[in-house]
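So you can see what is in the structure, the chains are spelled out below.
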Amino acid sequence: MIGIVRSFAGGINVNTIKALERSSVVIQEAKNYACRTPGVLLINCDLVEYPSVWEYAMSLEIRPNPYGNHLSAEVRGIDLAHTLDPETIRTIHDAWVDYKVLIFVDQHISDAQQVEFTRRFGALEEFPMKAVRSDAHNEIFRVSNVDTQGQHLPAEHNTVRYLHVTQKWHIDSSYREIPSKGAVFRGIELTRHGGETWFCDLEQVYEDLPAAMRKRVDPLRAVHDFEVSRRAVGNLTPLSAEEKAAVPVVEHPLVRVHPVSGRRSLFLSPVHMSHIVGMSIADSSMLLGELIDLAVQDKYLYKHRWWPGDVLMWDNRSLMHWAQPFDEGVLRRVMHRTTLAGERIASAGP
Ligand code: OGA
Ligand code: MN
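Residues numbered from 1 in each chain as written. Chains lettered and ligands numbered in written order. Predicted model: local features only at pLDDT ≥ 70, side-chain atom pairs only at ≥ 80, totals over all residues.

Peer 1: I'd like a description of the overall build of the protein chain, backed by residues and values.
Peer 2: Scanning the protein chain from N- to C-terminus turns up nine helices and 20 strands. Looking at the protein chain residue by residue over its 350 residues, the buried ones come to 36%. Excluding contacts between residues fewer than 6 apart, the proportion of contacts in the protein chain whose partners are at least 24 apart in sequence is 76%. (Helix = DSSP H or I, 4+ residues; strand = E, 2+ residues; numbered from the N terminus. Buried ≥ 20, exposed ≤ 12 C-beta atoms within 10 Å, placed from the backbone. Contact = placed C-beta atoms within 7 Å.)

As structure tokens, then:
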């Protein structure tokens, strides 16, 4: 029997999941939320109890999420706290390029272990604003409304307001001359409502563009500017001269070629982009608006609902993403990001 359950008002516990598994019920509200147990999609329900019914893989297992859009895969059977052998790192690397978002489930790692794991894939960036870097590990960008002493910060606090940049579609570090190739992102304190992370597959978006549009956008370049995104969230503490010097205004191709897969994608980072080179602001806004509207259709998205122990690894060369807002005055959210430095962007243009 296949049943469809739309949403749970009062929460769902492990026994409920077991019963659902036995009856092959599919909980389905929005198809592309996380799949956590075979045949059961846990969607938009208040699932907060630790899910002991998860299967524990004994060896590395990469399970694509079954949404049909080939975006995201769950990784089980490894412990990121340990040094992984080169073969495992290679397998993870290839799956990361292929599925774009990897979800490592049930990981309990420290900041130092997160840094170590991330380093296996390349050099790390440091976030340009000192205020949101961890003091103990400069490579950790704290995406958090809680300070390092555990104090819940007021919504008007500078670092909390900066979080609003991550709540708009973007590609990490697109404002750098050499943008980031990916990030490892660890949930530490999670929100029960809001705070999901959504990803958009910009390779598929590009592939589906009408031929005439592809021809139009292939040669274009766009200006990216860290200050554009800071202005978008209002009145932040000005950058120091040193911080400013690290992020000069840059230009990038609008269509890029992935250095590993060779696939083309839109290099679309709306919150950091100011305009397309050589176009009036009005024409540029119109074209970017059109591309963004095409991109953010549900069929191109994976929406990650956070579970305790989740560590994500995403590819900034083929995706854009954003965080969903949450009630910052009431809820605490602590996430730590490590960021992989990338390579100069290869253009698809002539
Ligand atoms: C980021 C980011 C998403 C989130 O840190 O770059 O986009 O869910 N975070 O907080
Ligand atoms: Mn981001």
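Peer 1: With reference to specific residues and values, describe helix α2 (residues 86-99).
Peer 2: Here α2 spans 20 Å end to end across 14 residues, near enough to the 20 Å set by a 1.5 Å rise per residue. Listing the buried residues of α2 in full gives I92, W96 and Y99. Taken around the axis of α2, the buried residues stretch over an arc of 90 degrees, which confines them to a single face. What points out from α2, more than 90 degrees from its buried face, is the exposed set P86, E87 and R90. The inward-facing, buried residues of α2 contact β5 (61-64), β6 (73-76), β7 (101-104), β9 (180-189) and β17 (311-315). Residue K100 follows α2 closely and has a positive phi angle near 75 degrees. (Expected span 1.5 Å × (residues − 1). Arc of directions from axis to C-beta.)

Peer 1: How would you summarise the site of ligand 1 if you had to cite specific residues and measurements?
Peer 2: The environment of ligand 1 is made up of V143, T166, D172, T197, H321, A323, M335 and R337. Breaking the shell around ligand 1 down by element, the ones donating at least two residues are β18 (319-323) and β19 (334-341). When grouped by side-chain class, the residues that make up the shell around ligand 1 number three nonpolar, three polar and two charged. (Near = placed C-beta within 6 Å. Nonpolar A, V, L, I, M, F, W, Y, C, P; charged D, E, K, R; others polar.)

Peer 1: Go over the pairing of β9 with me, naming the residues and quoting the values.
Peer 2: Across the 10 residues of β9, eight count as buried, placing the element largely inside the fold. In the sheet, β9 pairs with β19 via eight bridges, with the strands oriented antiparallel. In the sheet register, A183 faces β19, and the bridge partner there is T339. Where β9 and β17 come together, five bridges link them in antiparallel fashion. Across the sheet, R186 pairs through a bridge with V311, a residue of β17. (Pairing = 2+ DSSP bridges.)

Peer 1: Let's hear about the environment of Q297: which residues, and what values?
Peer 2: Counting through the fold element by element, Q297 comes out in the loop between α9 (281-295) and β16 (301-304). Assessed through the 11 C-beta atoms surrounding it within 10 Å, Q297 is described here as exposed.

Peer 1: Requested: an account of the sheet that holds strand β8 (residues 141-144), with residues and values cited.
Peer 2: Strand order in the open sheet formed by seven strands is β5-β6-β7-β17-β9-β19-β8, with mixed pairing between adjacent strands. Of all strands in the sheet, those bounded by a partner on one side alone are β5 and β8. On average, each strand axis in the sheet is tilted by 25 degrees relative to the strand beside it, whichever way the strands run. Running over the sheet, helix α3 (residues 111-119) touches β9 and β19 and is turned about 25 degrees from β19. (Axes fitted to C-alpha atoms, helices over the stretch in contact; angles between N-to-C directions.)

Peer 1: Give me the confidence of the model for the protein chain: which residues, what numbers.
Peer 2: Confidence along the protein chain averages 85 in pLDDT terms, with 83% of residues attaining 70 or more. Below a pLDDT of 50 lies the segment residues 1-13, which in the model reaches 24 contacts outside its immediate sequence neighbourhood of four places, other chains included. Residue range residues 23-55 is modelled with pLDDT below 50. Its contacts to residues more than four positions away, or to other chains, number 79 contacts. (pLDDT = per-residue confidence, 0-100.)

Peer 1: Give a description of the sheet that holds strand β10 (residues 197-201) that names residues and reports values.
Peer 2: Reading across from one edge, β16-β10-β18 is the order of the three strands in this open sheet, with antiparallel pairing throughout. Taken across any chain shown, the strands that pair with only one partner, and hence form the sheet edges, are β16 and β18. In this sheet, neighbouring strand axes are inclined to one another by 20 degrees on average, regardless of whether the strands run parallel or antiparallel.

Peer 1: So what's going on with the nonpolar core? Which residues, and what values?
Peer 2: Taken as a class, soluble globular proteins show a tendency for nonpolar side chains to be buried jointly. In terms of nonpolar packing, the biggest core is built from 52 residues, with V101, L102, L202, L266, A295 and L312 touching the most fellow members. The contact partners of V101, leaving out residues within four places of it in the chain, are L71, S72, F199, Y302, L312 and W314. (Core = buried A, V, L, I, M, F, W, Y, C linked by C-beta atoms within 7 Å.)

Peer 1: An account of unusual backbone geometry is needed here, citing residue identities and associated values.
Peer 2: With phi around 85 degrees, S72 is a residue other than glycine that occupies positive phi space. The class for S72 is buried, based on 25 C-beta atoms found within 10 Å. Positive phi is not limited to glycine here, since S173 has a value of about 60 degrees. For S173, the position within the fold is in the loop between α4 (158-166) and β9. The exposure class assigned to S173 is buried, which follows from the 25 C-beta atoms found within 10 Å.

Peer 1: So what's going on with the environment of L80? Residues and values would help.
Peer 2: As for its position among the elements, L80 is in the loop between β6 and α2. Looking at L80, the number of C-beta atoms within 10 Å reads 22, which means it is buried. A C-alpha to C-alpha distance of 9.8 Å links L80 and T118, two positions 38 residues apart in sequence. Other than its neighbours up to four places away in sequence, L80 contacts F104, Q107, I109, Q113, F117 and V311.

Peer 1: Lay out α9 in plain terms, naming residues and giving numbers.
Peer 2: Compared with an ideal rise of 1.5 Å per residue, which puts 15 residues at 21 Å, α9 spans 21 Å between its outermost C-alpha atoms and is within 8% of the ideal. Where α9 is concerned, the buried positions are L288, L291 and A295. The buried residues of α9 all sit within an arc of 60 degrees when viewed along its axis, so they share a single face. Away from its buried face, by an angle of more than 90 degrees, α9 presents the exposed residues A282, D283, M286, G289, E290 and D293. Where the residues of α9 are buried, they touch β10, α5 (202-208), β14 (264-266) and β15 (273-276).

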